[in-house]
Amino acid sequence: MSGGLQLENANPVIFQRSGERLLTSSEEDGDVHDPIDDREIFDLIRSINDPEHPLSLEELNVVEQVRVQVNDTESTVSIEFTPTIPHCSMATLIGLSIKVKLLRSLPDRFKIDVHITPGTHASEEAVNKQLADKERVAAALENSSLLEVVNQCLSSRTI
């Protein structure tokens, strides 16, 4: 990085991306009710860019399909994410990026819960409290500088 900034995790472990999901004919048919499932949510968040590295959250194992829970009937989505190091200062930004991606992608009926995998971050409770607070999330998204960083995390990149 330029400007003498040091990476918190200069050499992260890189994981292999999972394969693309093959769509069935009923999933492509707009007339058939297709409930939202764990894999569909994972597909939405897996390609989010890490704010510190030119890698996706999936490639850093920050998000995994097994940590995604969806109840389409009750309109709930719960995501656990795992920062790459216990003192990651980007944890709140990563959680916010996941939450914004889902808020922009899912119908309004869904209640979205994004939180750190228990026991994986030194400030887990504080970060989870921020991500669960609707007013704090809304205020964060009114900050143009922070919104720009979130949008960079959500922008497409070639893999």
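Computed from a predicted model, the values in this text were never measured in an experiment.

Peer 1: Any details on the overall build of the protein? Residues and values, ideally.
Peer 2: Along the protein, the regular secondary structure elements total 6 helices and 3 strands. When the helices and strands of the protein are read in sequence order from the N terminus, they spell out α-α-β-β-α-β-α-α-α. When each of the 159 residues of the protein is scored for burial, the buried share is 36%. For the protein, long-range pairs separated by at least 24 residues make up 67% of all intrachain contacts whose partners lie at least 6 apart in sequence. Just so you have it, the protein exposes about 9400 Å², and 50% of that area is on carbon and sulfur atoms.

Peer 1: Lay out the sheet that holds strand β3 (residues 111-116) in plain terms, naming residues and giving numbers.
Peer 2: Read from one edge to the other, the open sheet built from 3 strands follows the order β1-β2-β3, with strand pairing classed as mixed. Of all the strands in the sheet, the pair left with one neighbour each is β1 (68-71) and β3. Averaged over all adjacent pairs, the angle separating strand axes in this sheet is 10°, with direction ignored. Inspection of the sheet shows strand β2 (residues 76-81) paired to β3 by 6 bridges, in the parallel sense.

Peer 1: Outline the nonpolar core, listing residues and values.
Peer 2: Ranked by internal contacts, the top residues of the largest apolar core, which has 33 residues, are Ile79, Phe81, Ile98 and Leu102. Elements represented by at least two residues in this core include exactly α2 (38-45), β2, α3 (91-105), β3, α4 (124-132), α5 (134-142) and α6 (144-154). In terms of residue count, the dominant contributor to this core is α3 (7 residues). Those residues in contact with Phe81 that sit more than four places away from it in its chain are Val62, Val63, Ala91, Ile94, Gly95, Ile98, Val114, His115, Ile116, Thr117, Thr120 and Leu131.

Peer 1: Please set out the pairing of β1 residue by residue, giving values where relevant.
Peer 2: Alignment of β1 against β2, held across 4 bridges, turns out to be antiparallel. Residue pairing in the sheet places Val68 in a bridge with Ile79 of β2. Where β1 hands over to β2, the hairpin turn is made up of 4 residues, of which Ser75 adopts a positive phi near 60°.

Peer 1: Explain α6 residue by residue, including any values.
Peer 2: Every buried residue of α6 is accounted for by Val150, Cys153 and Leu154. Buried positions in α6, seen along its axis, are confined to an arc of 95° and lie on one side of it. Looking at the buried positions of α6, the neighbouring elements they touch are α3. Its side-chain oxygen placed 3.0 Å from the backbone nitrogen of Ser145, Asn143 serves as the N-cap of α6.

So, how was this worked out
Residues numbered from 1 in each chain as written. Predicted model: local features only at pLDDT ≥ 70, side-chain atom pairs only at ≥ 80, totals over all residues. Heavy atoms only, no water. Helix = DSSP H or I, 4+ residues; strand = E, 2+ residues; numbered from the N terminus. Buried < 20%, exposed > 50% of the residue type's maximum accessible area, 1.4 Å probe, protein only. Contact = heavy atoms within 4.5 Å. Areas by Shrake-Rupley, 256 points an atom, 1.4 Å probe, with all protein chains shown as cover. Pairing = 2+ DSSP bridges. Axes fitted to C-alpha atoms, helices over the stretch in contact; angles between N-to-C directions. Core = buried A, V, L, I, M, F, W, Y, C linked by side-chain atoms within 4.5 Å. Arc of directions from axis to C-beta. Polar contact = N/O pair within 3.5 Å; in protein donor to acceptor, adjacent residues only side chain to side chain.

By themselves, these figures tell us nothing about what the structure is for.
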